[in-house]
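Read off the chains here:
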Amino acid sequence: MKPLRAIFSLVALLWGATAAQANVLTYNAVLNGANESPASSSTGVGTATVTIDTVALTMEIHLNFSGLSGSTTAAHIHCCTAVADIGTAGAATAVPSLLGFPLGVDAGVGDLTFDMALPSFYNPSFVTAQGGVANAGQAIFAGLSNGTSYLNIHTSRFPGGEIRGFLQQ
């Protein structure tokens, strides 16, 4: 596991962290139906903050959402669209949902922490498509740094996603 952590740390440094900066990267998103592709008619709203510790290889996700027209069925980070801030991509993180995300509700808060060196953090299909866990981590780092990753909340009314937002630094 230590070689994998070394690879992730190196990749994180290459994707924006410098020796003069803290080893924490923060990304934010505004979640709404208009950000879906295609746009949903949802009046639900939310915010997401994703914080990555490039030394510990952890990802913390703080979600706050309300006003959903259906009950939550899943939430994931999707990666990577062809163009920043538009399009769709497959789920990069665990399926059917991020572990600990509140399911069956129309509003809620989630404070989740994950170890990015563990295969269980990722969607197995994403890991296979990327050629392994280390490459999957690199792809997520790249997607976050270039604006091609988004957080999506899926509901019973909008199974493909009710609200989402692209994660920006």
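The preceding data block contains the structure.
Below you will find a few notes about this structure. (Residues numbered from 1 in each chain as written. Predicted model: local features only at pLDDT ≥ 70, side-chain atom pairs only at ≥ 80, totals over all residues. Heavy atoms only, no water.)

1. Focus: the pairing of strand 7 (residues 163–166)
Within a regular strand, the side chains alternate between the two sheet faces.
Link 1 in the chain: Neither face of strand 7 is exposed, since Ile163 and Gly165 on one face and Arg164 and Phe166 on the opposite face are all buried.
Link 2 in the chain: The pairing of strand 6 (residues 149–155) with strand 7 spans four bridges and is antiparallel. If you follow isoleucine 153 over to strand 7, its bridge partner there is isoleucine 163. (Buried < 20%, exposed > 50% of the residue type's maximum accessible area, 1.4 Å probe, protein only. Helix = DSSP H or I, 4+ residues; strand = E, 2+ residues; numbered from the N terminus. Pairing = 2+ DSSP bridges.)

2. Focus: the environment of threonine 148
Link 1 in the chain: Along the chain, threonine 148 turns up in the loop between helix 3 (133–145) and strand 6.
Link 2 in the chain: Distance from threonine 148 to alanine 82, taken between C-alpha atoms, is 7.1 Å for residues 66 residues apart in sequence.
Link 3 in the chain: A polar side-chain atom of threonine 148 sits 2.6 Å from a polar atom in the side chain of asparagine 146. (Polar contact = N/O pair within 3.5 Å; in protein donor to acceptor, adjacent residues only side chain to side chain.)

3. Comments concerning the nonpolar core
In a soluble, globular protein the nonpolar side chains are often hidden away together inside.
Link 1 in the chain: Met59, Ile61, Tyr122, Ile140 and Ile153 are the most contacted members of the largest nonpolar core, which totals 36 residues.
Link 2 in the chain: Those elements that place two or more of their residues in this core are strand 1 (24–32), strand 2 (45–53), strand 3 (58–66), strand 4 (72–79), strand 5 (108–115), helix 2 (124–130), helix 3 and strand 6. (Core = buried A, V, L, I, M, F, W, Y, C linked by side-chain atoms within 4.5 Å.)

4. Quick word on the environment of alanine 142
Link 1 in the chain: In this structure, alanine 142 sits in helix 3.
Link 2 in the chain: Judged by its relative accessible area of 15%, alanine 142 falls in the buried class.
Link 3 in the chain: For the pair alanine 142 and cysteine 79, spaced 63 residues apart in sequence, the C-alpha separation works out to 9.2 Å.

5. Some words on the state of the cysteines
Link 1 in the chain: Tallied over the full model, the rule gives one disulfide.
Link 2 in the chain: In this model, cysteine 79 is linked to cysteine 80 through a disulfide, with the two sulfur atoms separated by 1.8 Å.
Link 3 in the chain: With relative accessibility at 6%, the residue cysteine 79 sits in the buried group. (Disulfide = S-S within 2.5 Å.)

6. Quick notes on unusual backbone geometry
Link 1 in the chain: Cis geometry marks the peptide bond from serine 37 to proline 38, where omega comes out at 0°.
Link 2 in the chain: Turning to its location among the elements, proline 38 is positioned in the loop between strand 1 and strand 2.
Link 3 in the chain: Here cysteine 79 and cysteine 80 are connected by a cis peptide whose omega angle stands at -5°.
Link 4 in the chain: Relative to the helices and strands, cysteine 80 is located in the loop between strand 4 and strand 5.
Link 5 in the chain: Positive phi outside glycine occurs at leucine 57, with the angle close to 55°.
Link 6 in the chain: At aspartate 85, a residue that is not glycine, the phi angle is positive and equals roughly 70°.
Link 7 in the chain: Topologically, aspartate 85 is positioned in the loop between strand 4 and strand 5.
Link 8 in the chain: Relative accessible area serves as the criterion here: at 42%, aspartate 85 is assigned to the partly exposed category.

7. Points about the side chain of histidine 76
Link 1 in the chain: Within the fold, histidine 76 resides in strand 4.
Link 2 in the chain: Here alanine 94 takes part through its backbone oxygen, which lies 3.3 Å from a polar atom of the side chain of histidine 76.

8. Let's talk about the pairing of strand 2
Link 1 in the chain: In strand 2, alternate side chains face the same way, and those of Gly46, Ala48, Val50 and Ile52 are buried while those of Val45, Thr47, Thr49, Thr51 and Asp53 on the opposite face are not.
Link 2 in the chain: With nine bridges joining them, strand 1 and strand 2 adopt antiparallel strand pairing. Of the residues in strand 2, the one forming a bridge with leucine 25 is isoleucine 52.
Link 3 in the chain: Here strand 2 pairs with strand 3 via nine bridges, running antiparallel. Along strand 3, the bridge assignment pairs valine 50 with isoleucine 61.
Link 4 in the chain: What sits between strand 2 and strand 3 in their antiparallel hairpin is a turn of four residues, with leucine 57 showing a positive phi close to 55°.

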